[in-house]
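Remarks on the overall topology
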2 protein chains.
Amino acid sequence: MVARLQPDHSRGAVVAAGDVPIDPRGLQCLAAVLGIAPVHPRVLLLQARTLDEDAAGEDGLDGLLHEGGAGELARYALRGRSDTGEPRILDALERAQVVVLASDQPLRLSTLLGGTGLARAIRRRNAEGAIVVGCGAGAAILCEHMLAQGASDGPTPRSGGAQLAPGLGLTNRVVIDQGGHASDRIGRLLAALALNPFALGLGIDAATAAVIGADNVLEVMGSGGVTVIDPAEMADSNVLDLAPGAPIRITNLRLHALVAGTRYDLDFRRTVA
Amino acid sequence: MVARLQPDHSRGAVVAAGDVPIDPRGLQCLAAVLGIAPVHPRVLLLQARTLDEDAAGEDGLDGLLHEGGAGELARYALRGRSDTGEPRILDALERAQVVVLASDQPLRLSTLLGGTGLARAIRRRNAEGAIVVGCGAGAAILCEHMLAQGASDGPTPRSGGAQLAPGLGLTNRVVIDQGGHASDRIGRLLAALALNPFALGLGIDAATAAVIGADNVLEVMGSGGVTVIDPAEMADSNVLDLAPGAPIRITNLRLHALVAGTRYDLDFRRTVA
């Protein structure tokens, strides 16, 4: 289910961020993103984590959010699906102007959130105006079709090299590779687009964010780049005929490397001033 | 200097191969390439190597060439520029129907061969019909503008991320990244094309070859893929304004992922049947 089938200029931005390092680059990226929210916004940080990760570096995200301009900050670690029903989380979500999703891998979030009331509430809050930010693996889940995992084998797409799973569905215009292994994302994105070239592929560097406004114009923030792959004019591929692992032929894609300040219209598929 | 300014259907093919593993995949790729030469062709293998590399795995290349269909095979290791004047090498070149260049890095070959009579003789033999094959780093040097080295930082192009140097000049239509670190080649190629988008960027997987015929049609052989980046419609980039290492904005490139059997016309920049 896609939250917005019709343009609606009251919905909140959907922000896909790459890995956020706990350093000045990570801070600069998050501060820029928070800059589109009201001053000192109320932030809800939801982290998917395993039982043994309490001391992990992810803890630094709340520090960066505070330093980057967050006002009230609520943070919850989701350890199981039952956590998603916690009234204090749902209450915090109702108050939040910015929701931040973080995870070490996309499937950890989707298996925790999928089909829950919390997932529906996040979609509703975004439709009502709350900004939803996915950091790292949390970015992939923003999409209707989530790039769950894929082979890491360079820029050549391979049969079976991209596994898709249903995501939160805040946007259906893009498939996101947040690039835990940035260098291999091109092959994964091409393998995903070969399956059904209706969406744009977005690859996002660390310390970099793709901010998708209510007008479906994407703006890049942060210190790295965003790779856009547009398959609108894609020619026939051979993806149907291949053994697992065989390289995929896929031609006539449009590629853009975008940097901070660049704006790209997802509807018209072109850069805008 | 470019060997062929005019189409000349008597010149030999120029073959850019990725790294050739000494295994059945490498053999399959080399055998396919030798299949375009006369039966049991006379082959000259020129390897650029440092003094301490005599026992390196490169030695396996001559075994693969034999097994892949080579007839008479002459092999010389170039250790210094003075070696390029050896009469036995020049004699072997005059007899060779296939010349194979191998190196661990592009600059080792270009610093050995650049400006020598051997380099001129290789260009002449190619113009006369001899096939010239570059393997691994030996592929980069086939171009007029050789991608000498570059930062390995994923698919985002960065200022200073590609260093160009003059190559052998057997083709001026492409810039080649043979992808010792295949996964990072997209960023390097984009950084190179941002400097002057007149050429096509070619990224070549291991065990894979891009065979450029006299008609400037490229055919892929081997088990991997060839990435083609066509900057013909590239919009303005910000490459002039950047500090070293900053990400480059570069938009409206055309991207193709080609596999064995695919043919691509370098003049008309489109796939052909």
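Just so you know, these numbers come straight off a predicted model, no measurement behind them.

The rules we used
- Residues numbered from 1 in each chain as written.
- Chains lettered and ligands numbered in written order.
- Predicted model: local features only at pLDDT ≥ 70, side-chain atom pairs only at ≥ 80, totals over all residues.
- Heavy atoms only, no water.
- Contact = heavy atoms within 4.5 Å.
- Buried area = accessible area lost by both parts, 1.4 Å probe.
- Salt bridge = Lys/Arg side-chain N within 4 Å of Asp/Glu carboxyl O.
- Polar contact = N/O pair within 3.5 Å; in protein donor to acceptor, adjacent residues only side chain to side chain.
- Helix = DSSP H or I, 4+ residues; strand = E, 2+ residues; numbered from the N terminus.
- Nonpolar A, V, L, I, M, F, W, Y, C, P; charged D, E, K, R; others polar.
- Pairing = 2+ DSSP bridges.
- Least-squares fit on C-alpha atoms with pLDDT ≥ 70 in both.
- Expected span 1.5 Å × (residues − 1).
- Buried < 20%, exposed > 50% of the residue type's maximum accessible area, 1.4 Å probe, protein only.
- Axes fitted to C-alpha atoms, helices over the stretch in contact; angles between N-to-C directions.
- Parallel < 35°, antiparallel > 145°, perpendicular 65-115°, else oblique.

Further remarks concern the interface of chain A and chain B. By a frequent convention, interface size equals the accessible area lost on bringing the separate parts together. On the chain B side, the residues contacting the 33 residues of chain A number 33 residues. Approximately 2,500 Å² of surface area, both sides summed, lies buried where chain A meets chain B, with 57% of it carried by carbon and sulfur atoms. The three residues of chain A that bury the most area against chain B are A:P155, A:R254 and A:L255, which together make up 23% of that side's buried surface. Inspection of the region where chain A meets chain B yields four salt bridges. Note that B:R254 and A:E233 form a salt bridge whose closest N and O atoms lie 3.0 Å from each other. For the pair chain A and chain B, the number of links is 14 residue pairs in polar contact (both at pLDDT 80 or more). Breaking the side of chain A that touches chain B down by element, the ones donating at least two residues are α7 (185-195), β12 (225-230) and β13 (250-259) of chain A. A breakdown of the residues in the side of chain A that touches chain B according to their chemical character gives 13 nonpolar, 13 polar and seven charged. The sheet contact formed by β13(A) and strand β13 (residues 250-259) of chain B spans five bridges and is antiparallel.

Bringing the relation of the copies chain A and chain B into the picture now. For the pair chain A and chain B, the relating rotation is 180°, the translation along its axis is 0.0 Å, and the fit reaches an RMSD of 0.0 Å. As the rotation angle and translation indicate, the two copies are arranged about a two-fold axis. Interface overlap between copies is the fraction of interface residues in one copy that are interface residues in the other; for chain A against chain B it reaches 100%, indicating a shared surface.

Here helix α5 (residues 117-128) of chain A is twelve residues long and its end C-alpha atoms lie 16 Å apart, about the 16 Å a rise of 1.5 Å per residue gives. Those residues of α5(A) not exposed but buried are A:L118, A:A119, A:A121, A:I122, A:R123, A:R125, A:N126 and A:A127.

This next bit is on helix α7 (residues 185-195) of chain B. Among the eleven residues of α7(B), ten are classified as buried, and the element is accordingly described as predominantly covered. Regarding α7(B), the residues found buried are B:R185, B:I186, B:G187, B:R188, B:L189, B:L190, B:A191, B:A192, B:L193 and B:A194.

This part is about the environment of B:G26. Residue and element names in this part refer to chain B. Here G26 shows up in helix α1 (residues 24-34). C-alpha separation for the pair G26 and T208, spaced 182 residues apart in sequence, amounts to 8.0 Å. Those residues in contact with G26 that sit more than four places away from it in its chain are V20, P21, L64 and A207.

Looking now at the packing of helix α3 (residues 87-95) of chain B against helix α5 (residues 117-128) of chain B. Residues and elements named next belong to chain B. It is the contact of α3 with α5, at a shortest axis distance of 10 Å, that shows an interaxial angle of 10°. Classified by the angle between their axes, α3 and α5 sit roughly parallel to one another. Contact residues: α3 offers I89, L90, L93, E94 and R95, while α5 offers L118, A121, I122, R124 and R125. Looking at the contact of α3 with α5 residue by residue, the class counts come to six nonpolar, no polar and four charged.

Here the focus is unusual backbone geometry. Residue and element names in this part refer to chain A. In the Ramachandran plot, A207 falls in the positive-phi region, its phi being about 60° despite a non-glycine side chain. Relative to the helices and strands, A207 is located in the loop between β9 (200-204) and β10 (208-212). Taking relative accessible area as the criterion, A207 reaches 0% and is therefore assigned buried.

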